[in-house]
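# Analysis of the macromolecular model
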Amino acid sequence: MRVNANIWQLVIQHCIANKGLDSARGIWNLVQDSKFQGNAFVGTHLIRMFNMLGSVEDANDVFAKLTRPNVYTWNAVIAANARHGQGDLALKLYYRMLDIHGEPDDFVFVSALEACRAIGSLAETKVIHHHITRTEYETELMVTTALLETYATVGSMDDVRREFETSPKRDSITWSAAIAAYAQRGDPVEALRLYQLMVKSYVKPNNIAFMGALKACARVGTLEQGRNIHGHIKKCRLETEPLIESNLIDMYAHCRSLVDAVEVYQRSLKREMVVWNSMIAGYAMHGNLHDAVKVFEENINKVSEMNADTFIGLQKACAKQVALEQGRSFQKTSDYWDQFDKPAVGAAIMEMYAKCGGESSEICAVFDKLPKDKPLSWAALISAQAIQGDPLGAIKTFEQMQADGYKPDSLVYANVLNACTMITDVTQGRLIHEQVKQNGFENDPIVAKALIDMYSKFRDFTEARSIFDKLSNNQLGLDAIMAGLVEHGQPEAALQFFKEFQLSGSEVTNVAYISALKACSKMSSLEEGRRIHEDIKDSSFANDPYLCSALIDMYSKCGNLEDASKVFSSVKLNNATCNAMLRGYVHHGLQEEALKLFESMQFEGVYPDEASVLAALKACATSGDLGDCKRLHAYVIERDLEASAPLGRAFITQYANLAGIEEAQVHYETLPLRDVATWNTWLAVLADKDYSSAVKGLEEMVKETKPVPGTFNNLLTACITKGLVNECLELLKSMNNVHGLTPDAEQYAFFVNALDHAGRLDEAENLLVDLPLPVNFDNWASFLSSYKHHLNPEKYCLGHECALDYERASDVYSNDDLRMGAFKFHALPKAVEAWNNPGSVVIESEPEMALMRGTDLTDKIEKHKVLFKDGRRVVRRDPSSDKAKEEALCGHCERLAISFGILNTGPGTTIRVSKNLRVCADCHTVTKLMSKIEKRDIIIRDSYRIHHFNKAGECSCNDFY
């Protein structure tokens, strides 16, 4: 049979269908042995074949051996190089083609623009745009679409806007390209505005328009608008398209409606890879590793190959759940499917190791297998080092990248700027900022956000505002600068900036509204919060879950729980608003209501998440109910939330407070990850027991991770309670000499306290004179119980800063020489309305708990009246008479609760009491006597610490309270 060009075309198409690269190379060898080696038609199909099979080197080899390539051949080789990251070579071929053939066709323009996207060159894009405008024929829509996409990719949204507005034809393709461009480049508000305008213009949206609009909804978090777009998709009968299904799942997952995402997935008929990859990513986003793995296992046998998105989603799920071993297993699986060396997969693996406590060597091993010419590989390593708490290492990696001749991209710059922010290195940050300017990245959205965040952390709000003013996308800049001002102590400036932005006529994002409401909360500005609420009602964000959550937070923190409840009742039940309402109840001391809401969430199908459990745990902490704490722990195990580090730390603290250190240790030893914060929490628990236990804990910590300055506060506290001055000083020296940490003013204050408690107050005063310590009442309060042994009324006068802890201040003036001072401090709380927070306690007994205040159960204490009379010598609060002293002794609620417990429990039963205020010296001494006489353990948890009184009348605090 005579072989012609059409036969070769059929053979090539068969090879493409079977995806056999070795077969493709065999065909190319046969062609070279035939008379068709230089044939442009056969050569074009060969180039396209190698392009589709991923071998751009073979494609270039075919092109090099063609004698007379035509315009289709040029387009094929340019497209192949652009698609596989060889943008520079693709553009060189484009310019060579211009010299040989003259004017290119539309397909060549599209391929050349793809090359511009590959190298991220705005200058080259504008050159090709100029070539397009010089053509004699009318530009096709596919060129306009490619031009919009390219401008969006290389960062010129002004050009996108101009091209769209001047486009002579605006059919669905042009609209879709503009919507997708804005959604892709971080301006979701504009993307949604264009989508709405497209619908009003009676232009039927296509798949690209719907996907762009759904991506915008995901970015903004507008669930209701996303549901409306879902309705439009159903009317257009596109809901079964796999890419549409994928974007719907992604949108619902980002909008915190996992139930809707699962429903879309379950209704999918084809369940192609792109659909179940989105479902895996959705589960990962919500920390649901179990269901993510289940989706993976259900579908793995249905495909002949996996793609990168599968393993990225699985690794993110492992990172969220701190599942290190599972992550290692998926790394091996990705290697089996030849996905391990792809930068996006490698980046996800490095992030997993960093967040799950993997070794630095494991992260470096992953990086070593990634292509170094891809900026994402370097960006991932820099990010992983920062996550691991090594920002200096991240900066060194950035410097090494440049020394090796690789150019950073926007993501690399954003990550290294975040590392500078972590170590508050303003000099290094400014140097990198200069590089950003020189390389033209200052207006890039993620770089600009990182710069604004950094300068806000450095409190250089002038520079942050300067960067904002240069941004073309002012919505993104608004979000960043508002968050920076609020988070770094400038709520007034944030609200002023917010008002100015509103007056400019620009559209406000939901993120900016949330920051403005946080500013109102910090200022306790209820009226300003109400004004912003009225603006929200008129916006498209009225039912946004996150915004409603921020409104509930604002109202509850401003003291108006009634309006918070109204907002909560006005929206559909969801995690965000439920969590905000839980926090509101706890903030207002309504623990029972908080726990009831937690239970009702489960009945309504809104399963409490990590934030829900943390809020409920705070309610348990206040109520002092160990049973509720254990029920919450059971829920955490049931919902597979055990890997959450914040929850692990919270349960350590609560078990230590409510059940003792032994119960806390059992929980601590089962934690999957022990990061620095977890170790600090555990050391705090040990330090509350004794100094030697805390020291041993520090030694164990050093074997696993490096301490931070705050770690030593727990040990210093133990030194104070034991009066270990020399050990305290040695700790300060070891911070610098052994661990490379410089003690700060807080650590020196601990040392001063240790001197003070040891009766060496004069040394403490001398040290205080030399230290530029800010006025900090927490430090003063811890001095007060020792001041009473040394205080000279002629020399010392405690000022207004003591008003907040008048109980402790009154103890300072306890001796006879300072009776008048004691009287003044006894009257002070009434003058400053300190009684607005009355003392209350909870006593735990089986089978119920009792809540009582100082006016309850007074008649129950008559049996112990003699005890109180015997203890009247310890009364310091009211200096007028013995009768007044006795009355003062009998009025405090913890004594009433202990009396209630003694009267209503059997001999030897441990009495547990939780108090909302700090225990006073009188009650502390009386409780010691009661525990000794009654031969019982009495545990009091106040707002400051745990007091465990044993049967011998000794307290675990060693009388340093």
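Nothing here was measured: the structure is a model prediction, and the numbers come from that model. (Residues numbered from 1 in each chain as written. Predicted model: local features only at pLDDT ≥ 70, side-chain atom pairs only at ≥ 80, totals over all residues. Heavy atoms only, no water.)

## Digging into the overall build of the protein chain
Quick reminder of the rule: Segments assigned H or I by DSSP are reported as helices when at least four residues long, segments assigned E as strands when at least two residues long, and all are numbered from the N terminus. Whether a residue is buried, partly exposed or exposed follows from its accessible area with a 1.4 Å probe, protein chains only, as a fraction of its type maximum: under 20%, in between, or over 50%, in that order. Every residue pair with non-hydrogen atoms within 4.5 Å of one another is taken to be in contact. Only the protein chains shown count as covering a residue, and every accessible area follows the Shrake-Rupley method with a 1.4 Å probe.
A tally of helices and strands in the protein chain yields 53 helices and five strands. The 961 residues of the protein chain split such that 54% are buried. If you take every contact in the protein chain between residues at least 6 apart in sequence, the share linking residues at least 24 apart comes to 63%. Within the structure as shown, the protein chain displays about 44000 Å² of accessible surface, and the carbon and sulfur contribution to it stands at 50%.

## Brief notes about helix α7 (residues 106-119)
For the record, the criterion: To estimate the expected span of a helix, count its residues, drop one, and scale the result by 1.5 Å.
With 14 residues, α7 should cover 20 Å at 1.5 Å per step; its first-to-last C-alpha distance of 20 Å lies within 8% of that length. Residues D106, V108, F109, S111, A112, L113, A115, C116 and R117 constitute the buried set of α7. Downstream of α7 by a residue or two, G120 has a phi angle that is positive, lying close to 65°.

## Things to note about the UniProt feature "repeat: PPR" (unreviewed entry) in the protein chain
Put simply, the rule reads: UniProt positions are given in the numbering used here, feature names are shortened, and annotations may be inferred rather than shown by experiment.
The feature "repeat: PPR" (unreviewed entry), as given by UniProt, occupies residues 70-104, 171-205, 272-302, 374-408 and 574-608 in the numbering adopted here. A helix fraction of 77% and a strand fraction of 0% characterise residues 272-302, whose end C-alpha atoms lie 9 Å from each other. The distance from the first to the last C-alpha atom of residues 374-408 is 9 Å, and the span holds 74% helix and 0% strand.

## Some details on helix α2 (residues 21-32)
Heads up, the rule is: Of all possible arcs, the one meant is that of the directions from the helix axis to the C-beta atoms.
In a regular helix each residue adds 1.5 Å, so twelve residues correspond to 16 Å; α2 covers 17 Å between its end C-alpha atoms and thus fits that length. Within α2, the full set of buried residues consists of A24, I27, W28 and V31. Along α2, the residues classed as buried sweep out an arc of 100° about the axis, all on the same side. More than 90 degrees from the buried face of α2, the exposed residues found are D22 and L30.

## Quick notes on the packing of helix α25 (residues 410-422) against helix α26 (residues 426-438)
We count it as follows: The angle between two axes is taken between their N-to-C directions and runs from 0 to 180 degrees, where each axis is a line fitted to C-alpha atoms and a helix contributes only its stretch in contact. Roughly parallel means an angle under 35 degrees; roughly antiparallel means over 145; roughly perpendicular covers 65 to 115; every other angle is labelled oblique. With the far helix as reference, a near helix turned anticlockwise by less than a right angle produces a left-handed crossing, and one turned clockwise produces a right-handed crossing. Note that Gly is not counted as nonpolar here; it falls among the polar residues with everything else outside the nonpolar set of Ala, Val, Leu, Ile, Met, Phe, Trp, Tyr, Cys and Pro and the charged set of Asp, Glu, Lys and Arg.
Two numbers describe how α25 lies on α26: the axes approach to 9 Å, and their chain directions differ by 165°. It follows from the interaxial angle that α25 and α26 lie roughly antiparallel. The handedness of the crossing between α25 and α26 comes out as left-handed. Between α25, through Y413, V416, L417 and C420, and α26, the contact on the second element is made entirely by Q428, G429, I432, Q435 and V436. Split into classes, the residues belonging to the contact of α25 with α26 amount to six nonpolar, three polar and no charged.

## Focus on the side chain of D260
With respect to the secondary-structure elements, D260 resides in helix α16 (residues 258-267). In this structure, D260 is in contact with R227 and Y252, ignoring residues within four places of it in sequence.

## Some details on the side chain of S268
Spelled out, the test is: Nitrogen and oxygen atoms within 3.5 Å of one another constitute a polar contact, given that in protein one can donate a hydrogen and the other can accept it, and given that sequence-neighbouring residues count only through two side-chain atoms.
The residue S268 is located in the loop between α16 and α17 (273-285) in this model. Note on S268: relative accessible area 6%, which makes it buried. For S268, the side chain forms a polar contact with the main-chain nitrogen of R271, separated by 3.1 Å. Discounting chain neighbours no more than four positions away, the residues touching S268 are E245 and V275.

## Remarks on unusual backbone geometry
Phi at R271 is positive, roughly 45°, even though this residue is not glycine. With respect to the helices, strands and loops of the structure, R271 is situated in the loop between α16 and α17. The class of R271 is partly exposed, set by a relative accessible area of 24%. Phi is positive for S524, close to 55°, though the residue is something other than glycine. Of note, S524 is situated in the loop between α31 (510-523) and α32 (526-537).

## What to know about the pattern of salt bridges
Pairing between side chains of opposite charge can happen when the charged atoms of each approach one another. Basically, it comes down to this: What makes a salt bridge here is a side-chain nitrogen of Lys or Arg within 4 Å of a carboxyl oxygen of Asp or Glu, nothing more.
Counting across every chain of the model gives 29 salt bridges. The partner of E325 in a salt bridge is R328, with the nearest N and O atoms 2.5 Å apart. Remark: R328 and E325 occur in helix α20 (residues 324-336); sequence separation between them is three residues, near one turn of the helix. A residue is classified by how much of its surface remains accessible, and E325, at 54% relative accessible area, is exposed. As a salt-bridge pair, E562 and K566 come within 3.9 Å of each other at their nearest N and O atoms. Taken together, the residues E562 and K566, both in helix α34 (residues 561-570) and four residues apart, mark about one turn of the helix.

## Examining the packing of aromatic side chains
How two aromatic rings sit relative to each other is set out by the distance from centre to centre and by the angle between their planes. What counts, and what does not: Pairing of aromatic side chains requires ring centres within 6.5 Å, counting the rings of Phe and Tyr and the six-membered ring of Trp. Pairs whose planes differ by under 30 degrees are stacked, by over 60 edge-to-face, and all others tilted.
Enumeration over the complete set of coordinates arrives at 16 aromatic pairs. Seen from their ring centres, F498 and Y513 are 5.6 Å apart, and the 65° between their planes marks the pair as edge-to-face. Of this pair, F498 sits in helix α30 (residues 491-503) while Y513 is found in helix α31, placing the two residues 15 residues apart along the sequence. Side by side, F498 and Y513 carry an identical accessibility label, which is buried. Between F598 and Y635, the ring centres sit 5.4 Å apart and the planes meet at 80°, which makes this aromatic pair edge-to-face. Of this pair, F598 sits in helix α36 (residues 591-603) while Y635 sits in helix α38 (residues 626-638), and the two are 37 residues apart along the sequence. Across the pair, Y635 and F598 agree in class, each one buried. Linked through ring pairs, F296, F311 and F330 together constitute an aromatic cluster.

## Overview of a positive patch on the surface
Here is the rule we go by: Candidate patch residues must exceed 30% relative accessible area and have no salt bridge, after which like charges are joined if within 9 Å and Val, Leu, Ile, Met, Phe, Trp or Tyr side chains if within 5 Å. Only four residue types enter the tally: Lys and Arg on the positive side, Asp and Glu on the negative side; His and the chain ends are excluded. A single reference atom marks each charge: NZ on Lys, CZ on Arg, CG on Asp, CD on Glu.
A cluster of basic residues, K518, K522, K557 and K618, forms a positive patch on the protein surface. Along the chain, K518 falls in helix α31.

## A short note on the confidence of the model for the protein chain
Quick reminder of the rule: Every residue carries a pLDDT, the predictor's confidence in it, which falls somewhere between 0 and 100.
With 82% of its residues at a pLDDT of 70 or more, the protein chain shows a mean pLDDT of 78. Scored below 50 in pLDDT, residues 768-810 shows 72 contacts in the model against residues more than four places distant or in partner chains. Overall, residues 846-880 carries pLDDT values under 50, and its contacts beyond four positions in sequence, including any with other chains, amount to 82 contacts.

## A short note on the packing of helix α6 (residues 87-101) against α7
Packing of α6 against α7 brings their axes to within 8 Å, and their N-to-C directions diverge by 145°. Classified by chirality, the crossing of α7 by α6 is left-handed. Counted together, G87, D88, A90, L91, Y94 and M97 of α6 and V108, F109, A112, A115, C116, A118 and I119 of α7 form the full contact between these two elements. In terms of residue class, the contact of α6 with α7 is built from eleven nonpolar, one polar and one charged.

## Quick look at the environment of H633
Take H633: it is sitting in helix α38. For H633, a relative accessible area of 14% puts it in the buried group. When the C-alpha positions of H633 and H667 are compared, they lie 9.9 Å apart, and in sequence the two are 34 residues distant. Beyond its immediate sequence surroundings of up to four residues, H633 is in contact with F651, Y655 and H667. A distance of 2.7 Å separates the side chain of H633 from the side chain of Y655, its partner in a polar contact.

## Examining the environment of A386
Tracing the chain through its elements places A386 in helix α23 (residues 375-387). Taking C-alpha positions, A386 is 8.0 Å from N418, a pair spaced 32 residues apart along the chain. When neighbours within four sequence positions are excluded, A386 is seen to be in contact with A394 and M422.

## Considerations on the pairing of strand β4 (residues 938-941)
Test applied: Between any two strands, at least two bridges found by DSSP are needed for them to pair. Throughout, right-handed denotes a crossover for which the path from the first strand over the helix to the second runs clockwise when the strands point away from the viewer.
Taking every second residue as pointing to the same face, both faces of β4 are buried, with I938 and I940 on one and I939 and R941 on the other. In this structure, strand β3 (residues 911-915) lies alongside β4, joined through four bridges in parallel fashion. Bridge pairing in β4 places R912 opposite I939. In this region the chain leaves β3, passes through helix α53 (residues 921-934) and returns to the parallel neighbour β4; the handedness of that crossover is right-handed. Two elements, β4 and strand β5 (residues 946-949), share four bridges in a ladder whose sense is antiparallel. Within β5, the residue paired with I940 across the bridge is H947.

## Let's talk about the state of the cysteines
Note the following rule: Cysteine sulfurs are considered disulfide-paired once they come within 2.5 Å of each other.
A full pass over the atoms with the stated rule returns zero disulfides. For the unlinked cysteine C356, the closest cysteine sulfur is that of C318, found at 6.8 Å. A residue is classified by how much of its surface remains accessible, and C356, at 2% relative accessible area, is buried.

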